[in-house]
Amino acid sequence: MERLRRNRDIAIILLLFVTLGLAYSVVNPLHEATDELRHYRFVRYIVTYRTLPVQGEGACRFQSHHPPLFYLLGALATGWIETGRDVCYTPPENPFWAYRYADVGVDNKNMYLHSPGEAFPWTGEALAAHIVRAINVLIGAGTVWLTWAAGRAVWPRRRALAAGGAAFVAFNPMFLYMSGAINNDVIAAFSGAAVLVACLHLLRDEDGLRWQWGLVLGAVYGLALMSKFNMAAVALLIALAATWVAWRRGQWRQWLAVGFLTLAVAALIAGWWFVRNQLLYGEPTGLRTLAELWGARDPVESLPVALSELPYAWTTLWGRFGFGQIPLPEPFYDGLRWLVRFSLLGLFLPLLWGARGALRRETPMGLIAFLSLNALLAFAVLFNYMLVSPAGAMGRFFFPGLPALSLLIFYGLSRWGLLLRPLWRRARSVVGGPSRSLAGALAIVANGGMLLFSLVALFGYLAPAYARPPAYDPGEPIPNEVNARFDEIATLRGYRLSARTLQPGEPLDVDLYWDVHGRPPGNFLLFLHLMDEAGTMVAQRDTHPGTGNYPTGQWQPGERFVDTIRIYVPETAYTPVTATLSVGLYATTYRLGITGPDGEGLGDSLELATLQLRPRTDLYPGADRYPNPLDQNFNGEVRLIGYEYERRILAPGDGLSVTLYWKALQSDLPDYVAQVRLLDEAGHIVAAADARPQPPAPSWAAGDVVADSHLVPLGVDLPPATYTVDVALLDAATQERQNIIADDGHWIDDHLNLAPVRIRPPASGSQ
């Protein structure tokens, strides 16, 4: 009991971590986490075939290039479960899951369509998957404990520093999320933390290098190699710790013995894996085959790309769920960025404080340097992977360095806190109460703050992303009643619009009040169309109901719910116009018929309301002087600030007249060519016109606005349809398209789709 009382801080942290990890696991639907399906297939392959998968073999993809430790644990725990499904089973996919991928929200964030069979109490595949997830939660708890143990090794008399550091692992939303999913990144973090703890204890061992250290270091290194191949890099940490101790104590003979024993034990544990790879793939790592199957980057050419991906890697270290399509709001990432910078700056306070300062005396600088090396090594491994892999920019690949970074973060934060030590003592003497160190108080604040962060991420962003639409009470007043019946499946009782007047770039939220009275035979898709007076599509949305979370195949008679669908008016929409909003349900080959409350047929598309689209005037000063105002930055040199058509309804053989309004952002511009193309629904070019603006761009001065007119000839045999107008700006010498740049500097695209035009059928009797 006395030991438990002394360790109650880590006991509480571990209890909260396991509780939260299981909560993340339950909230997150099956296989929504990054690569979870392929990791799960690895486990089921072992269960089914009693052997390990081989890269490139089989009807589907596994994570078969990874060492098998985690997957063997999962197979041992779930081998008794009959899932009734093939190893290569893939859940029904949601074709709209990448809609506005980077947006914070709940719109089509699910990659798969999930059935009630995944609900508790779990059976079959759901039971097997959740058991493997629970094993990962326990491994994650082990990582948290090892982080605390590493802190205790660095600061044996300052328990609060270990507890505060453990908080940044235990309550990191991304670490909780991945612990509650099926992957080998958490066991890699566990083995990395085990290596760290072993090395720290070696550095503190008063007897230096004893032969027993060969067994310990070999065991943790073998564990690391069997967890994930990129853990091979921790050999550097082991070698550095052993060499440092040997150099300080002159134990070079022991250094040779411990090194030999370490390699022997590691080879005994993991050597068979490298022999197997050599026999199967012709080299011991299997990485060459991996690159052939999954693709690879040229590290020299990919350096600028990898550098540009670092912000994404940062967000995925702290909380960007799914395949990255469920981000947190940017202030969370910015706040953490400043917190980490501020905390790590605190590491240098002992150097600045002076030789006689309390900060310098209390700082184990050698061990702090070792923690820093661990974190830097993990970053180097991550960045190297970013150089060679298109999928490398994932913060979870840094998890082996997360324990060291977390301890450094809290330690640096505590150094700043020591500046307030006199005030803390004075306040404690005035207020009284139980004695607690400043570091202990900071540890409580750190744990509480990170715990709150993890709860907000779970219940504020992850859970809503997979929630079904809310129900409504049958006695609740229905706005804009229509009572339109969609075949024998459901009735649309009414709708609510967030606005009746819109500007380009603005969203429209449409609440649809559904009353289900029949069991749909399958999954129908919902569409919202916004059509203008010219008969062209201003905007449209296609989605499964519930924005992906409640497909019609799951609807039950008697259910009532409000489905909120957001539709965005494109920034290039033509204005001013009046547009009609309509809704319908369709399968691949037909739409559901709609009848009104009196039984009259309404066709297969229900008109809900008319809306007014007004030009934007807030983009820049004087935007109201140009038709269809835009603010598109081409390569930081020219902006497209507006455009107009002479006509939007044309006949085959006509000419489409387009005027583009360019504004020079600088003088001495290159020689540019403006390219205007007409594209059909498949994206094929059906007409085009390329010409230099007049006057040519090299003669423009900064601030000049040029009206650039183009005539695109239309073929006489052009089929009647709606066509997209596409604009690009080319360097006349190289013919390279100029990139459109966002406000934050990232590239958006190298072309821009303007409002569509409609080609009507030829007049009767024309040739």
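Numbers given for residues are sequential positions, taken from 1 along each chain in its written order. pLDDT decides what is reported in this predicted model: residues at 70 or higher carry local features, side-chain atom pairs at 80 or more are listed and counted, and totals for whole chains, interfaces and linings draw on all residues regardless. Excluding hydrogens and water, the side-chain figures rest on all heavy atoms present in the structure.

Before going further, it helps to examine the overall build of the protein. For the protein, the count of helices and strands is 21 helices and 24 strands. Projecting the C-alpha coordinates of the protein onto the three principal axes gives extents of approximately 100 × 70 × 70 Å. The 767 residues of the protein split such that 52% are buried. When contacts within the protein are restricted to residue pairs at least 6 apart in sequence, long-range pairs at least 24 apart make up 73% of them. The method behind every accessible area is Shrake-Rupley, applied with a 1.4 Å probe, and residues are considered shielded solely by the protein chains displayed. For the protein, the exposed surface amounts to about 33800 Å²; the carbon and sulfur share of it is 59%. Secondary structure elements follow DSSP: runs of H or I no shorter than four residues count as helices, runs of E no shorter than two count as strands, and numbering proceeds from the N terminus. Residue burial is assigned from relative accessible area. The probe radius is 1.4 Å, only protein chains are included, and a residue is buried under 20% of its type maximum, exposed over 50%, and partly exposed in between. Contact between two residues is taken to exist if any of their heavy atoms lie within 4.5 Å; hydrogens are not considered.

Salt bridges are counted wherever a side-chain nitrogen of Lys or Arg sits within 4 Å of a carboxyl oxygen of Asp or Glu. Per the counting criterion, the structure on display carries 24 salt bridges. Between Lys228 and Asp185 there is a salt bridge, with the nearest N and O atoms lying 2.4 Å from each other. Placement of the pair is Lys228 in the loop between helix 9 (212–227) and helix 10 (235–249) and Asp185 in helix 8 (residues 185–204), with a sequence separation of 43 residues. Each of the salt bridges in this network shares a partner with another, and the network as a whole consists of Asp35, Arg38, Asp185, Lys228 and Arg396.

Our next topic: the side chain of Asn183. Position of Asn183 relative to the elements: it lies in the loop between helix 7 (173–179) and helix 8. Take Asn183: its relative accessible area is 0%, and that puts it in the buried class. Identification of polar contacts relies on pairs of N or O atoms within 3.5 Å, with a donor-acceptor requirement for protein atoms, meaning one able to donate a hydrogen and the other able to accept it, and with residues adjacent in sequence counted only if both atoms are side-chain atoms. A polar atom in the side chain of Asn183 sits 3.3 Å from the backbone nitrogen of Val186.

Surface patches are defined over residues having more than 30% relative accessible area and no salt bridge, joining like charges when they lie within 9 Å and nonpolar side chains (Val, Leu, Ile, Met, Phe, Trp, Tyr) when within 5 Å. A surface patch of nonpolar side chains, about 600 Å² in accessible area, is lined by Trp244, Trp247, Trp252, Trp255 and Leu256. Contributing elements (two or more residues each) for the nonpolar patch: helix 10 and helix 11 (252–281). Sorting elements by how many residues they give to the nonpolar patch places helix 11 first, with 3 residues. When you line up the elements, Trp244 lands in helix 10. Residue Trp244 is classed as partly exposed on the basis of its relative accessible area, which comes to 43%.

Once that is clear, we can look at the confidence of the model for the protein. Taken as a whole, the protein shows an average pLDDT of 91; of its residues, 94% reach a score of 70 or greater. Confidence scores labelled pLDDT are given residue by residue by the predictor and lie between 0 and 100. Put simply, helix 17 (residues 358–361) is where the protein has its lowest mean pLDDT, 50, and helix 7 is where it has its highest, 98. Taken as a whole, residues 431–435 scores under 50 in pLDDT and shows 2 contacts with residues more than four places along the chain or in a different chain.

What follows deals with helix 18 (residues 365–388). Over its 24 residues, helix 18 runs 35 Å from end to end, which matches the ideal 34 Å to within 8%, given 1.5 Å per residue. Turning to helix 18, its buried residues number three or more, namely Leu367, Ile368, Phe370, Leu371, Asn374, Ala375, Leu377, Ala378, Leu382, Phe383, Met386 and Leu387. Multiplying 1.5 Å by the residue count of a helix minus one yields the expected span of that helix.

Attention now goes to the packing of aromatic side chains. Working definition: rings of Phe, Tyr and Trp (its six-membered ring) pair if their centres are within 6.5 Å, and the pair is stacked with planes under 30 degrees apart, edge-to-face with planes over 60 apart, and tilted otherwise. Overall, the coordinates contain 35 aromatic pairs when judged by the stated rule. Their ring planes at 80° and their centres at 6.1 Å tell us that Phe524 and Tyr590 sit as a pair that is edge-to-face. Separated by 66 residues along the polypeptide, Phe524 in the loop between strand 6 (507–516) and strand 7 (525–532) and Tyr590 in the loop between strand 10 (577–586) and strand 11 (594–595) bring together distant segments of the chain. Taking 5.3 Å as the distance between ring centres and 70° as the angle between the ring planes, the aromatic pair formed by Trp555 and Phe561 counts as edge-to-face. Take Trp555: its relative accessible area is 0%, and that puts it in the buried class.

Before going further, it helps to examine the sheet that holds strand 12 (residues 606–613). Pairing between two strands is assigned when DSSP locates at least 2 bridges connecting them. An order of 5-12-10-7-8 is seen for the 5 strands of this open sheet, with the pairing classed as mixed. Each edge of the open sheet is held by one strand with a lone partner, namely strand 5 (501–502) and strand 8 (537–543). Sheet topology note: the strand 7/strand 10 ladder contains 8 bridges and is antiparallel. Counterpart to Met531 in the pairing with strand 10 is Thr580.

It is worth spelling out unusual backbone geometry at this point. Residue Pro576 is bonded to the preceding Thr575 through a cis peptide linkage, with omega at -5°. Checked against the element boundaries, Pro576 lands in the loop between strand 9 (560–568) and strand 10. Here Gln694 and Pro695 are connected by a cis peptide whose omega angle stands at 0°. Along the chain, Pro695 turns up in the loop between strand 18 (685–691) and strand 19 (705–713). At Asn108, a position not held by glycine, the phi torsion is positive, near 55°. Under the relative-accessibility criterion, Asn108 is labelled buried at 0%. A positive phi angle, close to 50°, is found at Asn483, a residue other than glycine.

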